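Coordinates in review
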Amino acid sequence: MKRDRKRRIESFRFNDFDAIEKHLANMARKGWHIEKITPFYWQYKRIDPTERHYTITYFAQASDFSPYPSSNQERFYDYCNECGYQLAVTWAQMQIFYTDSEDAIPIETDEALKLNSIHQAMKKNFLPSTVVLIVLAIFQILMQVSSIMRMPIMQLSNNVYLSVIFAWSIVAISGFISLIGYFKWWRASKKATELGGTCMPTKGHRNLNKVLLLLSIGVFLWMLMTLYEDQYIWIGIASIGLITMVIFGVNYIKTKLKAVGVSRKTNMTVTVISAIVLSFIMMGLLTTFVFKLVDYHRAHQSTAVERTFSSPNGTKHTRYVHDDPMPLIVEQLKATEFDDYSYEARDNNSILLRWQQYDQRDYTFDPDVLTMYYDIIDVKYDWLFDYCFDYYLQQYVDDYAVEEGFKTNRYREIDASIWQADVAYQLYYSDEPSETFLFCKGNRIVKIGYDWMPTEAEMTFSAETLLRDD
Amino acid sequence: MPREKFQTLTEQMYYILLVLREECYGMDIMTRIQLMTNERVIVGPGTLYNLLEQFEQAQMIRETKVEGRKRSYIITDMGLEALQREYHRLNRMIFDYESHT
């Protein structure tokens with residue numbers, strides 16, 4: 001059975017009236033007439049294929065929050081009707097008319113006035129919303145970049161984090177293209193109409209829009225795949241679900257208020273307030289969900305077991321004890337009888353970095369029990385290596401202490417041959433050497449901290465083990 | 001260069017004001033202009049709506065009556081002045097043309 005209705009996701013920009021008119025005429029030729037435009041899809045109804053002409057005008061006073069057209073708008077519709085035009089659909093200030101007449105009078109016969117109407121409508125909706133979106137995207141990108149500068153290894157080794165930056169970059173680029181494209185068109189059209197010419201044809205950058213849409217879908221899928229690997233996919237799914245519910249919820253409230261005839265101002269106020277309230281509820285639900293999921297993950301999926309320990313001073317405390325595989329453990333370096341170790345491994349792998357963290361701990365805090373921790377960082381691109389290595393070299397340096405001439409931690413270069421590395425450093429507090437070392441070979445950086453000062457043999461064994469490829 | 005509003009009139013502005021020397025409602029204006037100019041000048045419904053609104057704001061026309069959604073207008077003194085100014089400008093242009101050819 002043939003469908004009477006069809007919904008499509010369209011990638012038109014609000015100001016690209018030329019392309020929309022052509023597209024709608026083309027759809028009518030195929031037997032589909034535009035019936036509804038929503039923020040999510042465009043709906044078409046089946047008609048007999050026909051040569052139908054579509055004309056788009058912009059009515060600055062129109063609002064997406066108005067329950068019905070204003071008297072001025074109705075008068076405008078009447079004028080158009082009398083000239084053989086029917087209103088097909090509205091999209092905020094955009095009014096889409098159609099006619100089946102071959103020789104209908106054009107709706108706009110004064111190009112300067114047409115340009116002015118379009119610009120007034122754009123100033124009301126498209127331009128401010130695009131600017132807000134760009135500012136928001138830039139703010140988000142700056143926040144993420146500042147976070148990378150503070151914690152480069154943690155952020156650069158996280159694909160979710162990187163995909164968020166890509167996603168906001170796509171939003172910013174798309175906004176800039178819209179804005180620059182519009183102003184170029186407006187300036188050229190203004191010049192042309194002042195000289196008695198017509199408005200310039202709009203360039204909707206449809207191919208570019210499609211590329212950006214595909215990129216967005218790509219980033220979204222990548223984010224999901226990363227989350228799947230991380231086993232925290234439910235956080236991603238819950239976030240997407242909740243955001244979608246907020247968007248649908250806000251749109252539903254706006255549409256319902258319109259349907260019951262609430263005034264434009266009231267509708268706008270209620271819709272904005274509901275958007276804020278729903279966003280807060282969403283954040284609350286998401287935060288609760290994340291905490292519950294982490295607890296669930298610990299209890300059911302991780303190797304961690306909750307246990308209660310007693311410190312040497314008699315206090316009791318509960319900790320999660322892990323039993324993850326570690327490439328190097330204290331027992332390989334020192335003889336020890338202690339069997340209550342927690343072996344914790346974490347692995348973050350992104351397109352730029354792999355960051356493996358290992359921590360062998362003693363939660364009884366017995367000073368005689370030896371522990372150690374180490375990070376293994378594989379930098380996947382040469383250009384990123386120095387940045388990551390410098391981060392580690394500067395990690396413990398207190399800039400204030402350096403400025404004031406106080407004692408501070410600082411890495412000093414040591415003989416790399418013991419570590420079989422390209423370069424090796426030892427952390428010093430003023431002139432006192434510590435048991436923390438940093439070395440690298442090829443694109444692998446290793447930072448290791450022992451609970452004791454290791455012997456040369458232990459250093460060499462550690463390096464052999466940790467520099468070995470998996 | 002931007003033109004100061006209504007210091008000079010476009011062809012469509014001129015004929016709308018010319019027609020509105022008699023009381024007329026929106027769509028009637030369009031028809032009368034077509035008849036008057038033998039369909040040489042056509043005013044689209046969007047352009048008509050915008051110009052009527054702007055003329056009204058500039059007090060060059062005024063609304064005379066509202067019948068349902070139909071509104072009738074007539075030219076004001078200010079509108080007549082603008083129309084005459086344009087008429088003289090056009091005459092000067094014709095005179096200049098004739099005296100230089």
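Predicted model, so just to flag it, every value in this text is computed and none were measured.

A word on the packing of helix α1 (residues 11-19) of chain B against helix α4 (residues 77-99) of chain B. Between two packed helices, the angle of one axis relative to the other and the distance separating the axes together describe the packing. All names here are of chain B. Axis separation between α1 and α4 bottoms out at 10 Å; the angle between their running directions is 125°. Between α1 and α4, the interaxial angle falls into the category oblique. Once α1 is placed against α4, the crossing between them reads as left-handed. Residue-level inspection shows Y14, L17 and L18 of α1 in contact with α4, the latter providing G79, L83, E86, Y87 and L90. The class makeup of the residues in the contact of α1 with α4 is 6 nonpolar, 1 polar and 1 charged.

To continue, consider helix α1 (residues 17-29) of chain A. All names here are of chain A. Over its 13 residues, α1 runs 18 Å from end to end, which matches the ideal 18 Å to within 8%, given 1.5 Å per residue. Of all the 13 residues making up α1, 10 are buried; the element is thus mostly covered by neighbouring parts of the structure. Taken residue by residue, α1 has F17, D18, A19, I20, E21, H23, L24, A25, M27 and A28 as its buried positions. A positive phi of about 95° marks G31, the residue just after α1.

Turning our eyes to something else, we now look at the pattern of salt bridges. When the charged atoms of two side chains with opposite charge come close together, those side chains can pair. All names here are of chain A. Within the structure shown, the criterion is met by 21 salt bridges over all chains. With a closest N to O distance of 2.9 Å, R29 and E51 form a salt bridge. Remark: E51 occurs in the loop between β3 (42-46) and β4 (53-58) and R29 occurs in helix α1; sequence separation between them is 22 residues. Here R29 falls in the partly exposed class, since its relative accessible area comes to 40%. Residue E51 is classed as partly exposed on the basis of its relative accessible area of 40%.

Our focus in this paragraph is the domain arrangement of chain A. Residues and elements named next belong to chain A. Annotation of chain A at the domain level lists domain 1 (5-107), domain 2 (231-288) and domain 3 (324-467). Centre-to-centre, using C-alpha coordinates, domain 1 lies 28 Å away from domain 2. With 7 residues of domain 1 at the interface, the matching set in domain 2 holds 12 residues. In terms of surface lost to domain 2, no three residues of domain 1 exceed F40, F65 and P67, which account for 65% of the buried area on that side. Applying the counting rule to domain 1 against domain 2 returns 2 salt bridges.

At a minimum axis distance of 8 Å, the contact between helix α2 (residues 71-82) of chain A and helix α3 (residues 45-57) of chain B shows a crossing angle of 140°. If you check the angle between α2(A) and α3(B), you find them oblique. The way α2(A) lies across α3(B) gives a crossing that is right-handed. In this structure, α2(A) uses A:N72, A:R75, A:F76, A:Y79 and A:C80 to contact α3(B), whose residues at the interface are B:P45, B:G46, B:L48, B:Y49, B:L52 and B:E53. Split into classes, the residues belonging to the contact of α2(A) with α3(B) amount to 7 nonpolar, 2 polar and 2 charged.

Bringing the packing of aromatic side chains into the picture now. Evaluation of the coordinates by the stated rule reveals 34 aromatic pairs over all chains. Judged by centre distance (5.5 Å) and plane angle (70°), the rings of A:Y182 and A:F183 are edge-to-face. Here A:Y182 falls in the buried class, since its relative accessible area comes to 0%. Members of the aromatic cluster, each reached through a chain of ring pairs, are A:F12, A:F14, A:F17, A:W42, A:Y58, A:W91, A:F126, A:Y182, A:F183, A:W185 and A:W186. Positioned over the ring face of B:Y25 is B:K70, at 4.3 Å from the centre of the ring.

Successive side chains on a regular strand alternate, one facing one side of the sheet and the next facing the other. Residue and element names in this part refer to chain A. Summarising the sheet, strand β2 (residues 32-37) and β3 pair through 5 bridges and their orientation is antiparallel. Looking at the pairing, I37 lines up with W42 of β3. Joining the antiparallel neighbours β2 and β3 is a turn of 4 residues.

With 40 residues, the main nonpolar core has B:I16, B:L20, B:I29, B:L52 and B:F55 as its most contacted residues. Those elements that provide at least two residues to this core are α2 of chain A together with α1, α2 (26-36), α3, β3 (70-75) and α4 of chain B. Ranked by residue count, the leading element in this core is α1(B), at 7 residues. Leaving out residues up to four positions away in the same chain, B:I16 has contacts with B:I29, B:I33, B:V43, B:L48, B:L51, B:L52 and B:F55.

All names here are of chain A. The strand order β9-β10-β11-β15-β14-β13-β12 describes an open sheet built from 7 strands, whose pairing is antiparallel. Single-partner strands in this sheet number two, and they are β9 (342-349) and β12 (409-414). Across the sheet, the mean angle separating the axes of adjacent strands is 15° when strand polarity is ignored. Examined bridge by bridge, β12 and strand β13 (residues 423-429) share 6 bridges and lie antiparallel to one another. Counterpart to Y411 in the pairing with β13 is L427.

Basis of the calculations
- Residues numbered from 1 in each chain as written.
- Chains lettered and ligands numbered in written order.
- Predicted model: local features only at pLDDT ≥ 70, side-chain atom pairs only at ≥ 80, totals over all residues.
- Heavy atoms only, no water.
- Axes fitted to C-alpha atoms, helices over the stretch in contact; angles between N-to-C directions.
- Helix = DSSP H or I, 4+ residues; strand = E, 2+ residues; numbered from the N terminus.
- Parallel < 35°, antiparallel > 145°, perpendicular 65-115°, else oblique.
- Left-handed = near helix turned anticlockwise from the far one by under 90°.
- Contact = heavy atoms within 4.5 Å.
- Nonpolar A, V, L, I, M, F, W, Y, C, P; charged D, E, K, R; others polar.
- Expected span 1.5 Å × (residues − 1).
- Buried < 20%, exposed > 50% of the residue type's maximum accessible area, 1.4 Å probe, protein only.
- Salt bridge = Lys/Arg side-chain N within 4 Å of Asp/Glu carboxyl O.
- Domains from an automatic or database assignment.
- Buried area = accessible area lost by both parts, 1.4 Å probe.
- Phe/Tyr/Trp six-rings, centres within 6.5 Å; stacked < 30°, edge-to-face > 60°.
- Lys NZ or Arg CZ within 6 Å of the ring centre and 35° of its normal.
- Pairing = 2+ DSSP bridges.
- Core = buried A, V, L, I, M, F, W, Y, C linked by side-chain atoms within 4.5 Å.

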